[in-house]
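A look at the structure
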Amino acid sequence: MAQGRFGIYGGQYVPETLMRAVTLLSGEYDKWRKDETFAGEYARLLEQYAGRPSLLYYAEKMTNDLGGAKIYLKREDLNHTGSHKINNVLGQALLAKKMGKTRLIAETGAGQHGVAAATAAALMGMECVVFMGKEDMERQALNVYRMKLLGAEVRCVTSGTATLKDAVNATMREWASRVDDTHYCLGSCMGPHPFPTIVRDFQSVIGAEIKRQVFAAEGGLPRAVIACVGGGSNAIGSFHEFIGDPDVELIGCEAAGRGVDTGEHAATITKGSVGVFHGMKSYFCVDGHGQISPVYSISAGLDYPGIGPEHAYLFAGGRARYVPVTDAQAVDAFEYLSVTEGIIPAIESAHAVAYAMTYAPALPRGDVLVVTLSGRGDKDVAAMAKYRGVALDE
Amino acid sequence: MNRISAAFRGKKAFIPFITGGDPDIDTTRELLLALCDAGADAIEIGIPFSDPIAEGPVIEAASARALRAGCTLNKLLALAESVRADVNPDVPILFMTYYNPVFHFGAEAFASRCARAGVDGLIVPDLPFEERDELLPPCQTHGVELISLIAPTSRERIERIARASGGFLYCVSSLGVTGERAVLGESARHMTAAVRRVCDIPCAVGFGISTPEQAAAICAFADGVIVGSAIVRIIAEHGRGSAEHVARYAREMKQAVTQSGRDGFA
């Protein structure tokens, strides 16, 4: 059996053409992760370029309004490029440099990872090609232009459903055809080993900071950590530090789209089953014949039919739970946080805010909830207006 | 001797690929019969998958057409079973499938069903050598060959894979995805030589082969060629009436392959 398992989940289910690439990457990562120079360079980039640590903000108005647990927001939206994605791309771009690669390729859904990858490539003087579904390019036109501004080439993916999963397919194909000078800078804790581990490690700074910051503010551990889950990188980054603290609830919020019983959702754990796709064994939304189902969410970043294998493992072992949040709930939360705290969250992150809004009132006042705001919502403003039937002129 | 070994015995093998259920199951049946008639030494049937990550645009589009037309794994198993009764019983039938449909069918149930349908071998592009233990034992139990792939990037892996594999080795001629290529690199020649140094398992080369000249050149050093996109393109063009066009092309390719074997080819 190949390496890189979380229980039965994970693995390296990739074409033979890519086996050498993932094996070499695995070996190089094992070497560099223990290297003090590498760790120092990465820490410096996080601090001086990404702007870490990110704030842990006590949402006092929201807390008083909901009347239950104290709500803290982990402000990944304040990072450079506006989301948690920068944590991962800086690490991977640095790793790629050390491996002698000159070119980064990446998939993107909402465009946040694409923007982050293009940013890291610009910073490190690397070539960058971002693959993006046609549908997502239309939903996130501003991010497409942003990537081009950063010097990246954006390739339009029209196959399949023309969304995130198809962008992943296209990027894997590109990597299979050009592995010598190219690093696939995968954006979530998914795909073949070692990606789920690499991305988890680079994102786990989120949870490590949360633990320190909550302890400083409250003198103890939080009752729960809540994050949205598509592939699940901001969630695994938020959760990882707390896996060994059984009293801390770990809650992932998946996109229920128009409702988990409508067939138009991306609620992988709630409605999916165990399968093998995109290099990993995990949970996926499939039809009765093992075909990957088209999924739907108002949020391009959560519009993915699978979930990272470590989440599958945390779910199967009962360590984390995963709850569905609909488009309507997420949009309400998007507006609620904007008007209550003056913070416009990414529509992805609004899924986590929405669950916190239902969960906090059910908890005693002394409890502490941490909600990871994975990104900022500027990119979603036009779509939210459209959702509410408001026509915006440029 | 099983059908796959016999297909390579004393001759070079021409192995055409078609996507099952493209444009529909009845046409797939006609195509199978036409290919047998044209002298195919084995036939590879692609099980359509929603997300065929190792395929180029031609086969990906065929896969989407087949799924839209309602093709399923069960229908293709039933087709293979009924065709096995009609065609030259010496022609091996190979299924090329991504792993997820097999995983959902159940590895044991699938291997057993393939054996009953007369399917001789399986090619599972996203189940590399290191992960094959999930499917290999049931395949061995039921006498279905699990075909290993090697690629230009396999290098030091080739020896290990070649030694532990049965049937034949699917040698991926070049990096990237399936699809016709104007120029084929030297990689396949080097891979075949590397295999020869450790064992005598037949090597069939696929990815990028579309002309009789290319097939003949490959067969100068390899034991066979696998031809996919070029045939699938003909099917895309002619749809339900494609059998005669495919048969004509297949005869040319078969002739080139046979000729190269006979001449020892220079």
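Keep in mind that this is a model prediction, so the values were computed, not measured.

Our next topic: the overall build of chain B. A count of helical and extended segments in chain B gives 12 helices and eight strands. Compactness check: chain B gives a C-alpha radius of gyration of 17 Å against a globular reference of 18 Å for 266 residues, within 12% of the reference. Reported as C-alpha extents along the three principal axes, the dimensions of chain B are approximately 45 × 40 × 35 Å. Looking at chain B residue by residue over its 266 residues, the buried ones come to 64%. At a minimum sequence separation of 6, the contacts of chain B that also span at least 24 residues come to 73%. A total of about 9700 Å² of accessible surface is found on chain B, and carbon and sulfur atoms cover 50% of it. Of note, chain B has its 26 positive side-chain charges centred 3 Å away from the centre of its 32 negative side-chain charges.

Residues and elements named next belong to chain B. On strand β3 (residues 93-96), burial covers both faces: I93 and F95 on one face and L94 and M96 on the other are all buried. Across four bridges, strand β2 (residues 43-46) lies against β3 in parallel orientation. Across the sheet, I43 pairs through a bridge with I93, a residue of β3. As judged from the three bridges shared by β3 and strand β4 (residues 121-123), these two strands associate in the parallel manner. Opposite M96, over in β4, you have I123 as the bridge partner.

Before going further, it helps to spend a moment on the side chain of B:S173. Residues and elements named next belong to chain B. On the secondary structure map, S173 appears in the loop between β6 (169-172) and α9 (187-196). A polar contact of 3.1 Å, which involves the side chain of S173, links it to the side chain of S174. Setting aside residues no more than four positions away along its own chain, S173 makes contact with P152, L184, S187, A188, M191, V205, G206 and F207.

In this section: the interface of chain B and chain A. Between chain B and chain A, the residue contacts involve 37 residues of the former and 34 residues of the latter. In total, chain B and chain A occlude about 3000 Å² of area from one another, counting both sides; carbon and sulfur atoms represent 53% of this. Contact with chain A buries surface across chain B, with B:D51, B:I53 and B:E131 losing the most and accounting together for 20% of the total. Between chain B and chain A we count six salt bridges in total. Applying the counting rule to chain B against chain A returns 21 residue pairs in polar contact (both at pLDDT 80 or more). Looking at the side of chain B that touches chain A, the elements that each hand over two or more residues are α3 (57-68), α5 (99-105), β5 (145-150) and α8 (157-163) of chain B.

Time to look at the sheet that holds strand β11 (residues 273-277) of chain A. Strands belonging to one sheet form pairs held by backbone hydrogen bonds; the direction of such a pair is parallel or antiparallel. Residues and elements named next belong to chain A. Strand order in the open sheet formed by four strands is β1-β2-β12-β11, and the pairing between neighbours is antiparallel. Edge positions in the open sheet fall to β1 (5-6) and β11, since each of these has one partner strand only. Here β11 pairs with strand β12 (residues 279-284) via five bridges, running antiparallel. Residue pairing for β12: G275 is matched across the bridge by S282.

All told, the structure shown has 20 aromatic pairs over all chains when counted by the stated rule. Centroid distance B:F49 to B:Y98: 5.4 Å. Interplanar angle 20 degrees. Geometry classified as stacked. Here B:F49, found in the loop between β2 and α3, pairs with B:Y98, found in the loop between β3 and α5; they are 49 residues apart in sequence, far enough to count as distant. Each member of the pair, B:F49 together with B:Y98, is buried. A ring pair is formed by B:F105 and B:F110, whose centres lie 5.5 Å apart and whose planes are at 70 degrees; its orientation type is edge-to-face. In this structure B:F105 comes out as partly exposed when scored by relative accessible area, which is 26%. Members of the aromatic cluster, each reached through a chain of ring pairs, are A:Y29, A:W32, A:F38, A:Y42 and A:F202. Against the face of A:Y58 rests A:K70, its NZ or CZ located 4.8 Å from the ring centre.

What the largest pocket holds in volume is close to 720 Å³. Lining of the largest pocket is provided by 27 residues; of these, A:R139, A:A382, A:A383, A:M384 and A:K386 occupy positions nearest its centre. Secondary-structure elements contributing two or more residues to the lining of the largest pocket are α6 (134-139), α7 (141-149) and α16 (381-387) of chain A. Broken down by element, the lining of the largest pocket gets its largest block of residues, six residues, from α16(A). Across the lining of the largest pocket, the residue classes break down as 13 nonpolar, three polar and 11 charged. Residues from two domains meet in the lining of the largest pocket; each of domain 1 (5-46 + 85-199) and domain 2 (51-82 + 203-387) of chain A gives at least three. There is about 400 Å³ of room inside the second largest pocket. Around the second largest pocket, the lining comprises 18 residues; the ones closest to its centre are A:G160, A:K165, B:S50, B:A64 and B:L67. It is α3(B) that provides the largest number of residues to the lining of the second largest pocket, a total of six residues. A per-class count over the lining of the second largest pocket returns eight nonpolar, six polar and four charged. Each of domain 1 (5-46 + 85-199) and domain 2 (51-82 + 203-387) of chain A gives at least three residues to the lining of the second largest pocket.

Calculation criteria
- Residues numbered from 1 in each chain as written.
- Chains lettered and ligands numbered in written order.
- Predicted model: local features only at pLDDT ≥ 70, side-chain atom pairs only at ≥ 80, totals over all residues.
- Heavy atoms only, no water.
- Helix = DSSP H or I, 4+ residues; strand = E, 2+ residues; numbered from the N terminus.
- Rg over C-alpha atoms; globule rule 2.2 N^0.38 Å.
- Buried < 20%, exposed > 50% of the residue type's maximum accessible area, 1.4 Å probe, protein only.
- Contact = heavy atoms within 4.5 Å.
- Areas by Shrake-Rupley, 256 points an atom, 1.4 Å probe, with all protein chains shown as cover.
- Lys, Arg positive; Asp, Glu negative; His and termini not counted.
- Charge placed at Lys NZ, Arg CZ, Asp CG, Glu CD.
- Pairing = 2+ DSSP bridges.
- Polar contact = N/O pair within 3.5 Å; in protein donor to acceptor, adjacent residues only side chain to side chain.
- Buried area = accessible area lost by both parts, 1.4 Å probe.
- Salt bridge = Lys/Arg side-chain N within 4 Å of Asp/Glu carboxyl O.
- Phe/Tyr/Trp six-rings, centres within 6.5 Å; stacked < 30°, edge-to-face > 60°.
- Lys NZ or Arg CZ within 6 Å of the ring centre and 35° of its normal.
- 1 Å grid on protein atoms, 1.4 Å probe; cavity = no way out; pocket = protein on both sides within 12 Å on 5 of 7 lines; lining within 4 Å.
- Points joined across faces, edges and corners; volume = space filled by probe spheres on them.
- Nonpolar A, V, L, I, M, F, W, Y, C, P; charged D, E, K, R; others polar.
- Domains from an automatic or database assignment.

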